[in-house]
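# Summary of structural features
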Amino acid sequence: MRHRLFACLTLSAVLLAVPAAHAEFLAPSFESLTIEGVAPPDWIAGPRDGGFIGMCTTCAGGTMLLEVKVHNDDGTGERVRSGETTAERYTEIGKANAQQMGGESDYFGTKRIDFTSAVGFKTRARTATGDFSATYQLWSDGKQLLIRVYGKDQSMVDNVAEKAYSAAAPQTFR
């Protein structure tokens, strides 16, 4: 009987040490966020209103805008995790929205991404104003990390967005 009790306690201790199914939200202030290539003299960038924003008016290809923010999850994270909301569904919604916006808007698709156990999507589109965009969204622990970059050159937008994601995700989730 004692051996069974000891075995149960040992198993319980081991199971408690196993990481949870959700990433741990780290509550970043983005005070120490550094994004490769996003710095003076070309960029005006830094923490603001609980997020990180940036603007480059001298970038090759035109003005670029960057936003890194954390929002409360509206339930989308659990729908993504459960498979109810898929990259394909996000693409359908995005294409429908782009058609309604008119102008030069277009939606190039959504790709699923994961960081530790946080789940999310990377989206590429062209806005109704003609700017290209790249958006990263990660959900876990009741929070959403949102990274958006806008500009006139899709490859430059993608490059900055990837660098911002690579820098911000580790400060947001573990």
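Summary of the structure given here. Remember, predicted model here, so these are calculated numbers, not experimental data.

### Notes on the nonpolar core
By size, the foremost hydrophobic cluster in this structure holds 29 residues, and its most contacted members are Leu66, Val68, Leu145 and Ile147. Counting residues per element, the ones that place at least two in this core are β2 (51–56), β3 (64–72), β6 (132–140), β7 (143–151) and α4 (154–172). Excluding its chain neighbours within four sequence positions, the residues that come into contact with isoleucine 147 are Leu66, Glu67, Val68, Ala134, Thr135, Tyr136, Ala161, Ala164, Tyr165 and Ala168. Ala87, Tyr90, Val119 and Trp139 belong to the second-largest nonpolar core, a separate cluster that totals 9 residues.

### Remarks on α4
End to end, α4 covers 26 Å across 19 residues, agreeing with the expected 27 Å (1.5 Å per residue, within 8%). Along α4, the residues classified as buried are Gln154, Val157, Asp158, Val160, Ala161, Ala164, Tyr165, Ala167, Ala168, Ala169 and Thr172. Close packing links the buried residues of α4 with β1 (43–48), β3, β4 (106–115), β5 (118–126), β6 and β7.

### Some details on the pairing of β1
Within a regular beta strand, the side chains point alternately toward one face of the sheet and then the other, so they alternate between its two faces. For β1 and β2, the ladder comprises 6 bridges, and the chain directions are antiparallel. By the bridge assignment for β2, tryptophan 43 is matched with cysteine 56. In this structure, the hairpin formed by β1 and β2 is closed by a connection of 2 residues, where aspartate 49 is found at a positive phi of approximately 50°.

### Quick look at the side chain of aspartate 158
Mapped onto the elements of the fold, aspartate 158 is located in helix α4. For aspartate 158, the side chain forms a polar contact with the side chain of arginine 124, separated by 3.0 Å. Within the structure, the side chain of aspartate 158 is placed 2.8 Å from the side chain of glutamine 154, a separation counted as a polar contact. With sequence-adjacent residues up to four places away left out, aspartate 158 is seen in contact with Arg124 and Ala134.

### Examining the state of the cysteines
Inspection of the entire model under this criterion finds 1 disulfide. Between the sulfur atoms of cysteine 56 and its disulfide mate cysteine 59 the distance is 2.0 Å. Disulfide cysteine 56 to cysteine 59: torsion about the S-S bond roughly 120°, handedness right-handed. Across this residue pair, the class does not change: cysteine 56 and cysteine 59 are buried.

### Overview of unusual backbone geometry
Cis rather than trans, the peptide bond between proline 40 and proline 41 has omega equal to 10°. Of note, proline 41 is situated in the loop between α1 (2–17) and β1. Not every positive phi belongs to a glycine, and phenylalanine 30 is a case in point at roughly 65°. Examined against the element boundaries, phenylalanine 30 turns out to sit in the loop between α1 and β1. A positive phi angle is found at aspartate 49, which is not glycine, with a value near 50°. Positionally, aspartate 49 belongs in the loop between β1 and β2. By relative accessible area, aspartate 49 is classed as exposed at 67%.

What counts as what
- Residues numbered from 1 in each chain as written.
- Predicted model: local features only at pLDDT ≥ 70, side-chain atom pairs only at ≥ 80, totals over all residues.
- Heavy atoms only, no water.
- Core = buried A, V, L, I, M, F, W, Y, C linked by side-chain atoms within 4.5 Å.
- Buried < 20%, exposed > 50% of the residue type's maximum accessible area, 1.4 Å probe, protein only.
- Helix = DSSP H or I, 4+ residues; strand = E, 2+ residues; numbered from the N terminus.
- Contact = heavy atoms within 4.5 Å.
- Expected span 1.5 Å × (residues − 1).
- Pairing = 2+ DSSP bridges.
- Polar contact = N/O pair within 3.5 Å; in protein donor to acceptor, adjacent residues only side chain to side chain.
- Disulfide = S-S within 2.5 Å.

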